[in-house]
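Summary of the model geometry
The residues making up each chain are set out below.
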Amino acid sequence: KAGVTQTPRYLIKTRGQQVTLSCSPISGHRSVSWYQQTPGQGLQFLFEYFSETQRNKGNFPGRFSGRQFSNSRSEMNVSTLELGDSALYLCASMGSGFPYEQYFGPGTRLTVT
Amino acid sequence: GQNIDQPTEMTATEGAIVQINCTYQTSGFNGLFWYQQHAGEAPTFLSYNVLDGLEEKGRFSSFLSRSKGYSYLLLKELQMKDSASYLCAVRDHNNAGNMLTFGGGTRLMVKP
């Protein structure tokens, strides 16, 4: 099976702009989670989607949003970018069998200037 | 909320054994995961514990004590390729879904 894929891999944006990141889960996986990883804060949970519905949400401002399509592909959007949004954004899809571990994609490295 | 603590950095020698500790506080524990992350790469799943005791997987073992809110990852016969960050993550059953809370990660350096 192909792994989790994320596009683009690298992105440079300017403050105030918006960005959309894409994630394709492993075939058959219906749960997709998004995480932000920074050197100072580590891996922080953004949100989880399951069958096109947001099932969990982390403590991030409303500028961070996401959605999931019927084929389980997911997108996350960040509006009005700030310098502090520079991070590695990781997407993970969850296996359907015990122990329901998450499989991570390679991430999108976002730099905000 | 949840609080997960692990040492920031550890150093060990090739061929030795190293234990990486993780302590957690959570309102509704539903399993603990260990992930390995090499620099510039995605985290990869190593182990899962939901009941007390030791789970062994080749050179890697993970231990859990729910009453103490404590886990450790044991790496035996260390190899240079084991130099990576090791992330402890807890799943909370108060959530309907699959939200993981991660510790800050332990950066392990293996020296010759």
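Preceding this paragraph is the structure being described.
Okay, so let's go over this structure. (Residues numbered from 1 in each chain as written. Chains lettered and ligands numbered in written order. Predicted model: local features only at pLDDT ≥ 70, side-chain atom pairs only at ≥ 80, totals over all residues. Heavy atoms only, no water.)

1. Topic: the packing of aromatic side chains
This model, assessed by the stated rule, comprises 16 aromatic pairs over all chains. Their ring planes at 50° and their centres at 5.6 Å tell us that Y35(A) and F104(A) sit as a pair that is tilted. Highlighted residues: Y35(A) in strand β4 (residues 31–38) and F104(A) in strand β10 (residues 102–104), separated in sequence by 69 residues. Of the two residues, Y35(A) and F104(A), neither departs from the other in class, the shared state being buried. The interplanar angle of 70° and the centroid separation of 5.7 Å between the aromatic rings of F47(A) and Y49(A) together place this pair among those described as edge-to-face. Neither F47(A) nor Y49(A) differs from the other in exposure class; each is buried. Chaining the aromatic ring pairs together yields one cluster made of Y35(A), F45(A), F104(A), F33(B), Y35(B), F45(B), Y48(B) and F102(B). The ring centre of F50(A) lies 4.3 Å from the NZ or CZ of R55(A), which sits over that ring. (Phe/Tyr/Trp six-rings, centres within 6.5 Å; stacked < 30°, edge-to-face > 60°. Helix = DSSP H or I, 4+ residues; strand = E, 2+ residues; numbered from the N terminus. Buried < 20%, exposed > 50% of the residue type's maximum accessible area, 1.4 Å probe, protein only. Lys NZ or Arg CZ within 6 Å of the ring centre and 35° of its normal.)

2. A short note on the pattern of salt bridges
This model, assessed by the stated rule, comprises nine salt bridges over all chains. For R55(A), the salt bridge is made with E48(A), and the minimal N-O distance between the two is 2.7 Å. On the basis of relative accessibility, which here comes to 0%, the residue E48(A) falls in the buried class. The shortest N-O distance in the salt bridge between R107(B) and E9(B) comes to 3.5 Å. Remark: E9(B) occurs in strand β2 (residues 9–13) and R107(B) occurs in strand β11 (residues 106–111); sequence separation between them is 98 residues. Look at E9(B) and you get partly exposed, because its relative accessible area is 46%. (Salt bridge = Lys/Arg side-chain N within 4 Å of Asp/Glu carboxyl O.)

3. Details of the state of the cysteines
A covalent bond bridging the sulfur atoms of two cysteines is what the word disulfide describes. Residue and element names in this part refer to chain A. Scanning the entire structure with this criterion turns up two disulfides over all chains. A sulfur-sulfur distance of 1.7 Å marks the disulfide that ties C23 to C91. One quick way to see it: the torsion about the S-S bond of C23 and C91 is about -45°, and its sign makes the bridge left-handed. Placement of C23 in strand β3 (residues 19–24) and of C91 in strand β9 (residues 87–94) is noted, with a sequence separation of 68 residues between them. Residue classification places C91 among the buried residues on the basis of a relative accessible area of 0%. (Disulfide = S-S within 2.5 Å.)

4. Focus on the interface of chain A and chain B
At the interface, 18 residues of chain A touch 16 residues of chain B. For the pair chain A and chain B, the summed buried area comes to about 1,500 Å², and 60% of that belongs to carbon and sulfur atoms. On inspection of chain A and its partner chain B, the count reaches zero salt bridges. Here chain A is connected to chain B by four residue pairs in polar contact (both at pLDDT 80 or more). Sorting the residues of the side of chain A that touches chain B by element identifies β4, β5 (42–50), β6 (53–57), β9 and β10 of chain A as the ones contributing at least two each. The residue inventory of the side of chain A that touches chain B, partitioned by class, reads 10 nonpolar, five polar and three charged. (Contact = heavy atoms within 4.5 Å. Buried area = accessible area lost by both parts, 1.4 Å probe. Polar contact = N/O pair within 3.5 Å; in protein donor to acceptor, adjacent residues only side chain to side chain. Nonpolar A, V, L, I, M, F, W, Y, C, P; charged D, E, K, R; others polar.)

5. Topic: the nonpolar core
If you look at the biggest cluster of nonpolar residues, it comprises 22 residues, and the most contacted ones within it are L32(B), W34(B), L75(B), Y86(B) and L108(B). Mapped onto this core, the elements with two or more residues apiece are β2, β3 (18–25), β4 (29–37), β7 (60–65), β8 (70–75), β9 (84–92) and β11 of chain B. The next biggest cluster of nonpolar side chains, apart from the first, holds 21 residues, and it includes I26(A), W34(A), Y49(A) and Y89(A). (Core = buried A, V, L, I, M, F, W, Y, C linked by side-chain atoms within 4.5 Å.)

6. Some details on the side chain of S22(A)
All names here are of chain A. Mapped onto the secondary structure, S22 falls in strand β3. Engagement of the side chain of S22 in a polar contact is seen with the side chain of R73, the distance being 2.9 Å. Apart from residues lying up to four places away in sequence, S22 is in contact with T5, Q6, T7, W34, R73, S74 and E75.

Everything listed here is a matter of geometry and, on its own, says nothing about what the molecule does.
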